[in-house]
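So you can see what is in the structure, the chains are spelled out below.
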Amino acid sequence: MMDNLRTAANSIVLKIIFGIIIVSFILTGVSSYLIGGNNTYAAKVNGQEIGRNQFENAVASERNRMQQQLGDNFSELASNPNYMKSMRQQVLNRLIDESLLDQYARELGLGISDAQVKQAIFATPAFQSNGKFDNARFNGIVNQMGMSADQYAQALRNQLVTQQLINAIAGTDFMLPGETDQLAALVSQQRVVREATIDVNALAAKQQVSDEEINAYYEQNKGNFMTPEQFRVSYIKMDAADMAETASDVEIQSYYDQHQDLFTQPQRNRYSVIQTKTEADAQAALDELNKGADFATVAKAKSTDIISARNGGDMGWLEAGTTPDELKNAGLKDKGQLSGVIKSSVGFLVARLDDIEPAKVKPLSEVRDGIATKVKQEKALDAYYALQQKVSEAASNDNESLAGAAQVSGMKVVETEWFSRDSLPEALNFKPVSDAIFNGGLVGENGTPGSNSDIITVDGDRAFVLRVSEHKAEAVKPLSEVKAQVADIVKHTKAEQQAKVDAEKLLAALKEGKGDEAMKAAGLTFGAAKTLSRTGQDPLSQVAFTLALPQKDKPSYGIGSDIQGNVVLLALDEVKAGEMPEAQKKAMVQGITQNNAQIAFEALMSNLRKSAKIKLGDLVAEQQ
């Protein structure tokens, strides 16, 4: 099984790329036997172990994913033990589900052939350059995953088998053409309505309210009339980018002399190899080469390393750190020199030293601009940190103001206007800064100024020192300040109630056939007919599609509210069968079947879990 892939996994190429290391899996979903070898486990699923290493690496992978997605915000989440406990549980649940799916797929006899695995690898866009499989890209990416080619192939096989199972479930749901047409007609249905609007604002203008009503509403709803907590802040901002520095010729030369390793490319050798299973095969290949045979031709014909053989045995350029000991110890010193037969952990080798690129140091002229920029940056950072120290000491020694800090820094103190938690000035909109302002530590008693802050650093080599110069606590606004606002609210509330009562009376009259007289008395008329669709998101469209179907020449009626909050009487005159374009109909069916398939898949997972024997490892169980 998997002869080609196993041969590739045992190749000298992959040995170079992976090195002799203990791999740590990043990918999740790899069967536990790839991890096994000890008695600890995170969970057992029907006797199949999910190794502790596999679980912890899956947790680390999830942490990395969340860190990349959330950035600095993840640090706050990660400091919450309940969140991290929940995340670990979610990862474990995912691994358990993968094991259950893997077992179920094997129970059904699902399988993926070696050819399908190979085809999937070659067809993966990440492994391609210019639309063709690129062996170097494959090696590099798999190496970053911390896996060997054989392990990657097995992980991919498991993934493909699971996907085959999921596709089988997802492909079982369907809709009959008649069902599709009926649903499409229902979804695209239109309703023709007329509206008569009771203007709530006009009614509110006619309302009378007493002081007792105003006082009662105010007392019951004081929480709606709050003045938010407010701050005024004084601050000094320091920015390394503002530290203009120069780089002299002497400084540039000194940096270049002290950092020669940064500008030196180590010696590189280029090798070609032929890998065989037996010593006799290797000797036969060496004999051909000694008789003048072309190395690339022999490698393509006889090397069992399918990766390097495809390139005529060429290994590419190798530095000392990536060169296997077998090649280092082969005694190859000169270009074109052939080795003897080399015994290795992957079989037997014949190697040739194709080329040597000596170590070389880039000249100063070539790297001068980069060094100048680096020197300026380092000097700016030194000045920036020295300034921080001075400002910190001055702010600490004079804790009653920022005057001392301003004097030693030569910078101006900036004063903000009043702001609340929801209106932090843009210049201070950094989480460490907002935390310092709003956590209460810089506020004095009874709103008096507090102490100066410590140095607060933020991203981009910037820092602040600040103080809360004035503070107002959250407070209920006095009735005298909001009386007019409360009166308007009470009037509007009374108007809404009256509008609803009037609408109910009119609705009853309309249903009794006495609507014309009642509508005239109320000064209302139905407007021009308009067509509403089921997909309309406005409140009246939603109400229109709840009304009973109209009888011949006899509308059905209902009550709703428009976006402005007015009460509206609706007359439903006609229901029209809509038409749905085929493309939209197809998308609708696809969405429904996918949703049904998801429900079926969740039901499958629920049944698999209910019937499974799942045992948590001791350490994992303690963390639940």
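Presented here is a report on the structure given in the accompanying data block. Bear in mind the structure is a predicted one, so any value in this text is a computation, not a measurement.

Attention now goes to the side chain of Asn452. Considering the arrangement of structural elements, one finds Asn452 in the loop between α19 (431-438) and β15 (456-458). Of the polar contacts made by the side chain of Asn452, one reaches the backbone oxygen of Ala395; its length is 2.9 Å. Contacts of Asn452, omitting those with residues within four sequence positions, involve Ala395, Asp398, Asn399, Ser401, Leu402, Leu442, Leu466 and Arg467.

Before going further, it helps to examine the packing of aromatic side chains. By the definition in use, this model includes 12 aromatic pairs. Each residue in the set Phe122, Phe127, Phe133 and Phe138 is aromatic and connected to the rest through ring pairs, giving one cluster. Its guanidinium or amino end placed over the ring of Phe526, Arg194 lies 5.2 Å from that ring's centre, counting from NZ or CZ. Cation over ring: Lys472 sits above Trp418, and NZ or CZ is 4.5 Å from the ring centre.

This part is about the sheet that holds strand β5 (residues 190-198). Taken together, four strands build an open sheet; the order of strands is β18-β5-β20-β19 and the sheet is antiparallel. What marks the edges here is a single partner per strand, and that holds for β18 (530-533) and β19 (556-561). When strand polarity is set aside, the average angle formed by the axes of neighbouring strands in this sheet is 45 degrees. Relative to strand β20 (residues 567-576), β5 runs antiparallel, the two being bridged by nine bridges. Its bridge partner being in β20, Glu195 is matched across the sheet by Leu570.

A separate point is the nonpolar core. Counting residues in hydrophobic clusters, the biggest one holds 34 residues, and the most contacted among them are Ile50, Phe55, Ile96, Leu100, Ile121, Phe138 and Tyr152. The set of elements that each furnish at least two residues to this core consists of β1 (41-45), α3 (52-70), α5 (81-107), α6 (114-123), α7 (135-145), α8 (149-170) and α23 (582-611). By residue number, the principal contributor to this core is α5, which donates nine residues. When near neighbours in sequence (up to four residues on either side) are disregarded, Ile96 contacts Ala43, Val45, Ile50, Arg609 and Ile614.

By secondary structure assignment, the location of Gln190 is in strand β5. By relative accessible area, Gln190 is classed as partly exposed at 31%. Spatially, the C-alpha atoms of Gln190 and Thr531 are 6.5 Å apart, while their sequence positions differ by 341 residues. For Gln190, the contacting residues outside a window of four places in its chain are Thr531, Leu532, Phe545, Glu574, Val575 and Lys576.

Further remarks concern α6. Within the span of α6, buried status applies to Val117, Ala120 and Ile121. Here the buried residues of α6 occupy an arc of 100 degrees about the axis, which is enough to place them on one side. Relative to its buried face, α6 has exposed residues pointing more than 90 degrees away, namely Ala115 and Gln119.

Here we have three strands laid out as an open sheet, ordered β2-β1-β21, and antiparallel in their pairing. The strands lining the two open edges of the sheet, one partner per strand, are β2 (48-51) and β21 (614-616). Strand-to-strand twist of the sheet, defined as the mean angle between neighbouring strand axes without regard to direction, takes the value 20 degrees. Two strands pair when backbone bridges link them, and β1 and β21 are joined in this way by three bridges, in the antiparallel orientation. Residue pairing across strands places Lys44 opposite Lys615, the latter belonging to β21.

About the criteria used
Residues numbered from 1 in each chain as written. Predicted model: local features only at pLDDT ≥ 70, side-chain atom pairs only at ≥ 80, totals over all residues. Heavy atoms only, no water. Helix = DSSP H or I, 4+ residues; strand = E, 2+ residues; numbered from the N terminus. Polar contact = N/O pair within 3.5 Å; in protein donor to acceptor, adjacent residues only side chain to side chain. Contact = heavy atoms within 4.5 Å. Phe/Tyr/Trp six-rings, centres within 6.5 Å; stacked < 30°, edge-to-face > 60°. Lys NZ or Arg CZ within 6 Å of the ring centre and 35° of its normal. Pairing = 2+ DSSP bridges. Axes fitted to C-alpha atoms, helices over the stretch in contact; angles between N-to-C directions. Core = buried A, V, L, I, M, F, W, Y, C linked by side-chain atoms within 4.5 Å. Buried < 20%, exposed > 50% of the residue type's maximum accessible area, 1.4 Å probe, protein only. Arc of directions from axis to C-beta.

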